[in-house]
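Letter by letter, the chains look like this.
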Amino acid sequence: MLAAMPLLAVTITTDPRAVSLVNVVGQSPWLLLALFAGLLVDRVRRTSVLMCAYAIQVGAAAVLAVAATADALTLPLLMCVAFAVTSAQVLSDGASGALLPTIMARDDLPAANARIQVIDRGLVQFIVPPSAGAILAIGLGAPAWAACVMALLALLLSARLRASAEPAPIGRGATADGGQEPNTRGNPLRDIVEGLRYLVAAPLLRSVTITVALGSFASSAATTMLVLYATEELGIGQVGYGALLACFAVGWVVTSLFVRRLVDRFGYAWAMRGAQTGAAVTPVLIAVAPPWPLFVGAVLVAQSSSVLVWNVCSQSTRQRFTPNRLLGRVLTSHKALAWGLTPLGALTGGFVAAHWNLRGVWWIAAIIHAVGAVIVWRTMTPAAFRQAEHDHEDLEAEGHADRA
């Protein structure tokens, strides 16, 4: 859906401002709704939130499919559908991220998160978009009809998950087997602030969020200019640019095969230190490298490998060290804070490229990632993880005592 809508927009208008507006509206729920989505995830059965998200996607896809088939597409309709689809994504990401620790053992979280990351980045971002373009050749409504069928299958699968995986709530803050802790009372604003406060107050989680925010800014600046770097610096054209994007997918898929063993062998602290160091070194290699497409492609494979290791450890850290009753709010608060700098990073990348040069964008990205590496090496020590584990056990013990 999100890959097809820009293509549908250009069938209506070629005004760059109007086309970009569809993308802006489509991304706005991450900033506007993420905190409220986290509150919902913590107050309502999480599998119900997941089913609601997929139901929204089914409805949005059906509306777009009918409108496109009937040749009744308009930009306001596209913007409404884009907003609805991303809103559903905000809900489903928060619900699935909070649900995962209740159905997986803690030691299995890195492997589970790696699989989710491969699907999200390797499949959705690099394989689905060209597929959407190919399906669009069949008819304007074809991608939406395909999305409607896929969302309906996801809805049916989430209903099956509801019956087998999640315990029924038995009251505020308790479940039959220590699983989800529904929070059905309290002032909504106060509950949102509670999640934000926990994220900011926990030293380890705060450092992770700051580092991700810096990385999102730097990566957005570099990725936005990658197409110009490929065509102007490397001279490989659009096909070559697509091949560079495929290098990202290769790094994700290959690294997913051994990321759990890496985390088990070195621990979260050293895995995250190594990953952030890799994120700081790879932009330097691109900035100083001669225009050799094969070398740049290899660097991008290494870069995406580092990012996958970091993302798996980052998400697993939040899941491991956040009380279950706060997990939805903490996960969505992290995304709202960490991804809020992404649009500014894209603007900065364009500004640096226009007033300096394209390689300067990678120097800026390297400097920002290096700042993140300093934060990681100073704060994400093995001792910090042991302390976080101790603090989490104390919170769990207090929660059990309160329920007793």
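Everything discussed here concerns the structure shown above.
Just so it is clear, the model here is predicted, and its values are computed rather than measured.

A. Main features of the overall build of the protein chain. For the protein chain, the count of helices and strands is 18 helices and 0 strands. Expressed as a percentage of its 404 residues, the buried residues of the protein chain come to 49%. Of the contacts formed within the protein chain by residues at least 6 apart in sequence, a portion of 84% connects residues at least 24 apart. Of the roughly 18,600 Å² that the protein chain leaves accessible, carbon and sulfur atoms contribute 68%.

B. Spatial organisation of the packing of aromatic side chains. Inspection of every chain in the model, using the stated rule, returns 4 aromatic pairs. Measuring from ring centre to ring centre gives 5.0 Å for tyrosine 229 and tryptophan 362, while their planes differ by 45 degrees; the resulting arrangement is tilted. Here tryptophan 362 lies in helix α17 (residues 358-379) and tyrosine 229 lies in helix α11 (residues 203-233), a separation of 133 residues in the sequence. A residue is classified by how much of its surface remains accessible, and tyrosine 229, at 0% relative accessible area, is buried. Note on tyrosine 268 and phenylalanine 385: the rings are 5.9 Å apart at their centroids and 25 degrees apart in plane angle, and the pair reads as stacked. Residue tyrosine 268 is located in helix α13 (residues 259-288), and its partner phenylalanine 385 is located in helix α18 (residues 382-403); the two are separated by 117 residues in the primary sequence.

C. Quick look at the packing of helix α10 (residues 188-201) against α11. One way to put it is that α10 packs onto α11 with a least axis distance of 5 Å and a crossing angle of 90 degrees. Between α10 and α11, the interaxial angle falls into the category roughly perpendicular. Mapping the contact onto sequence places Tyr198, Leu199, Val200 and Ala201 in α10 and Pro203, Leu205, Arg206 and Thr209 in α11. For the contact of α10 with α11, the per-class residue count stands at 6 nonpolar, 1 polar and 1 charged.

D. The arrangement of the pattern of salt bridges in detail. Summed over the entire model, instances satisfying the criterion amount to 11 salt bridges. Here arginine 329 makes a salt bridge to aspartate 42, at a shortest N to O gap of 2.7 Å. In this pair, arginine 329 is assigned in helix α15 (residues 327-338) and aspartate 42 in helix α4 (residues 34-43), connecting sequence segments 287 residues apart. Classification of arginine 329 by relative accessible area gives buried; the value is 1%. Of the charged contacts in the structure, one is a salt bridge between glutamate 194 and arginine 329, with a shortest N-O distance of 3.1 Å. Of this pair, glutamate 194 sits in helix α10 while arginine 329 sits in helix α15, placing them 135 residues apart in sequence. Accessibility expressed as a relative area gives 22% for glutamate 194, which makes it partly exposed. Salt bridges linked by common partners bring Asp42, Arg46, Glu194, Arg325 and Arg329 together as one network.

E. Quick look at helix α16 (residues 342-355). For α16, spanning 14 residues, the distance from its first C-alpha to its last is 20 Å, which sits close to the expected 20 Å at 1.5 Å a residue. Where α16 is concerned, the buried positions are Gly345, Gly349, Val352 and Ala353. Taken end-on, α16 shows its buried residues confined to a sector of 95 degrees, consistent with a single buried face. Opposite the buried face of α16, at more than 90 degrees from it, the exposed residues are Leu347, Phe351, Ala354 and His355. Tucked into the core, α16 has its buried residues touching α11 and α17.

F. Spotlight on unusual backbone geometry. The backbone of aspartate 71 shows a phi angle near 55 degrees, a positive value even though the residue is not glycine. Here aspartate 71 is to be found in the loop between α5 (46-69) and α6 (75-103). Assessed through its relative accessible area of 67%, aspartate 71 is described here as exposed.

Rules used throughout
- Residues numbered from 1 in each chain as written.
- Predicted model: local features only at pLDDT ≥ 70, side-chain atom pairs only at ≥ 80, totals over all residues.
- Heavy atoms only, no water.
- Helix = DSSP H or I, 4+ residues; strand = E, 2+ residues; numbered from the N terminus.
- Buried < 20%, exposed > 50% of the residue type's maximum accessible area, 1.4 Å probe, protein only.
- Contact = heavy atoms within 4.5 Å.
- Areas by Shrake-Rupley, 256 points an atom, 1.4 Å probe, with all protein chains shown as cover.
- Phe/Tyr/Trp six-rings, centres within 6.5 Å; stacked < 30°, edge-to-face > 60°.
- Axes fitted to C-alpha atoms, helices over the stretch in contact; angles between N-to-C directions.
- Parallel < 35°, antiparallel > 145°, perpendicular 65-115°, else oblique.
- Nonpolar A, V, L, I, M, F, W, Y, C, P; charged D, E, K, R; others polar.
- Salt bridge = Lys/Arg side-chain N within 4 Å of Asp/Glu carboxyl O.
- Expected span 1.5 Å × (residues − 1).
- Arc of directions from axis to C-beta.

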